[in-house]
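# Summary of the model geometry
Chain residues, written in single-letter form:
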Amino acid sequence: MGPIRGLKRRKKSAEKEVDQNVLVDASLVSQPQPLDWWDGFSRRISVVFGSVHYFVSCWNVGEGWVQTSGPLSESKNSKKFESIFKISRKTFDYICSLVKEDMTARQSSFAFSNGKHLSLNDMVAVALRRLSSGESLSNIGDLFGLNQSTVSQITWRFVEAMEERGLHHLQWPTEAEMENLKSKFEKIRGLRNCSGAIDITHIVMNIPAVDPSNNVWLDREKNYSMILQVIVDPEMRFRDIITGWPGSLNDALVLQSSGFFKLAEEGKRLNGKKLQLSEGTELQEYIVGDTGFPLLPWLLTPYHGKGLSDYQAEFNKWHSATRMVAQMALARLKEVWRIIHGVMWMPDKNRLPRIVLVCCLLHNIIIDMEDELLDEMPLSYHHDSGYHQQVCESVDNTASLMREKLSLYLSGKLPP
């Protein structure tokens, strides 16, 4: 498997005389206004379950997940919307505008159980609920009054549309953007000229063990999984991803199989302004990663082993604090887009990489839209529970020297 890369009403004065034409206009304004899409949609959801409708959702409690339920009618309209779709209405409307052309280009017979055909907003709502909840097709169908096949088809049409229309939300930084990002990384814990943080997570799958062809997906923790590798900026935005590789591959091999690795080795990535640390010592742009990756001139990993000096141990602390943005980004990705959280039941391994890509695009869109829900989202560093840290012994001598000089520089021990 290869990677997939108001209506404003006019005030009327009681004393002011009005002619017949004004009376006619006023009568038109006083007519009931059409419901907002969400008003009608949420009422249809309630009808599916009858007069007493309960919405079930998952909330993080400590280290576990519990199910909580309550009447939809109890919460305010906006909170009701956000609890179902995990995004604000502003972001939802933007996503609808992105996929409108592709989602409506083909005639469809998608209809609710009452025979009403689905609008663009209806279809996007169904797809987002499927991706954000991770609930089964039957549960989503029950919630919205649709059959399982319709939920599946709508979700896949949405995925295809997002692939086509949303890719501009996943771009490597321009030169001007990179200078800004490097400045923000430096403010995290002082690592200068740092351009990104790299990490890998596993998307665990429940697939038949009796099929020998599935052994390639068996990882070191005895789970069947697919790998997602990301490079993240200081705002937890994904700047480069690769997914689709089987979990049996180690982190270093996934990196070396990526397009980013080739570009970096050819000097077409991380090739911006170098920083002079001291006389004759320059520091090129680089990303940071954990010990599962090789130490390279453009990828700095922490020191490992016993007997570290004070400045080396201090460097590891700075490195860890900087690298944490990638861990938080992956944890948030899985928490918000729960279709890739936990264990996926018998996924289509050909379609899964494309679903992962779209979840990453949606993650970035929430950041790009400065969605107000960002401030309410909990921060976690745990995205691969049960997985042990890998250690790659591959060390580039030039990179080793550069890491040593950077460590001395940060500790104030590098000669001028």
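Cut-offs used in this document
- Residues numbered from 1 in each chain as written.
- Predicted model: local features only at pLDDT ≥ 70, side-chain atom pairs only at ≥ 80, totals over all residues.
- Heavy atoms only, no water.
- Helix = DSSP H or I, 4+ residues; strand = E, 2+ residues; numbered from the N terminus.
- Contact = heavy atoms within 4.5 Å.
- Core = buried A, V, L, I, M, F, W, Y, C linked by side-chain atoms within 4.5 Å.
- Buried < 20%, exposed > 50% of the residue type's maximum accessible area, 1.4 Å probe, protein only.
- Axes fitted to C-alpha atoms, helices over the stretch in contact; angles between N-to-C directions.
- Parallel < 35°, antiparallel > 145°, perpendicular 65-115°, else oblique.
- Nonpolar A, V, L, I, M, F, W, Y, C, P; charged D, E, K, R; others polar.
- pLDDT = per-residue confidence, 0-100.
- Phe/Tyr/Trp six-rings, centres within 6.5 Å; stacked < 30°, edge-to-face > 60°.
- Lys NZ or Arg CZ within 6 Å of the ring centre and 35° of its normal.

Okay, the environment of Lys222 next. Structurally, Lys222 is set in the loop between strand 3 (194–206) and strand 4 (224–232). C-alpha separation for the pair Lys222 and Tyr387, spaced 165 residues apart in sequence, amounts to 10.0 Å.

Mapped onto the elements, Gln148 comes out in helix 7 (residues 148–165). Aside from chain neighbours lying at most four places away, what touches Gln148 is Leu137 and Ser138.

Taken as a class, soluble globular proteins show a tendency for nonpolar side chains to be buried jointly. Counting 94 residues, the largest nonpolar core has Phe85, Leu128, Phe158, Met162, Phe238 and Trp337 as the members making the most contacts within it. Counting residues per element, this core draws most heavily on helix 12 (residues 352–368), which supplies 12 residues. In this structure, Phe158 is in contact with Ile95, Val99, Met103, Val124, Ala127, Leu128, Leu131, Val358 and Leu362, ignoring residues within four places of it in sequence.

We now examine the packing of helix 5 (residues 120–133) against helix 7. With their axes 9 Å apart at the nearest point, helix 5 and helix 7 run at an angle of 95 degrees to one another. When the axis of helix 5 is compared with that of helix 7, the two are roughly perpendicular. On the side of helix 5, the interface is formed by Met123, Val124, Val126, Ala127, Leu128, Arg130 and Leu131, while helix 7 contributes Val151, Ile154, Thr155 and Phe158. Broken down by class, the residue content of the contact of helix 5 with helix 7 amounts to 9 nonpolar, 1 polar and 1 charged.

The subject of this paragraph is the confidence of the model for the chain. Counting all residues, the mean pLDDT for the chain is 85, and 83% of those residues have values of 70 or more. Note that residues 5–34 has pLDDT below 50 and, in this model, 11 contacts with residues that lie over four places away or in other chains. Across residues 49–75, confidence stays below pLDDT 50; counting only partners more than four residues off in sequence or on other chains, it has 44 contacts.

The subject of this paragraph is the packing of aromatic side chains. Tallied over the full model, the rule gives 15 aromatic pairs. Between Trp38 and Phe81, the ring centres sit 5.2 Å apart and the planes meet at 90 degrees, which makes this aromatic pair edge-to-face. Residue Trp38 is located in helix 2 (residues 37–49), and its partner Phe81 is located in helix 3 (residues 77–85); the two are separated by 43 residues in the primary sequence. Under the relative-accessibility criterion, Trp38 is labelled buried at 2%. The interplanar angle of 55 degrees and the centroid separation of 4.9 Å between the aromatic rings of Phe81 and Phe85 together place this pair among those described as tilted. Here Phe81 pairs with Phe85, and both are found in helix 3, just 4 residues apart, close to one helical turn. Following the ring pairs from residue to residue traces out a cluster consisting of Trp37, Trp38, Phe41, Phe81, Phe85, Phe92, Phe112 and Phe144. Here the basic side chain of Arg351 rests over the ring of Trp156, its NZ or CZ set 4.1 Å away from the ring centre.

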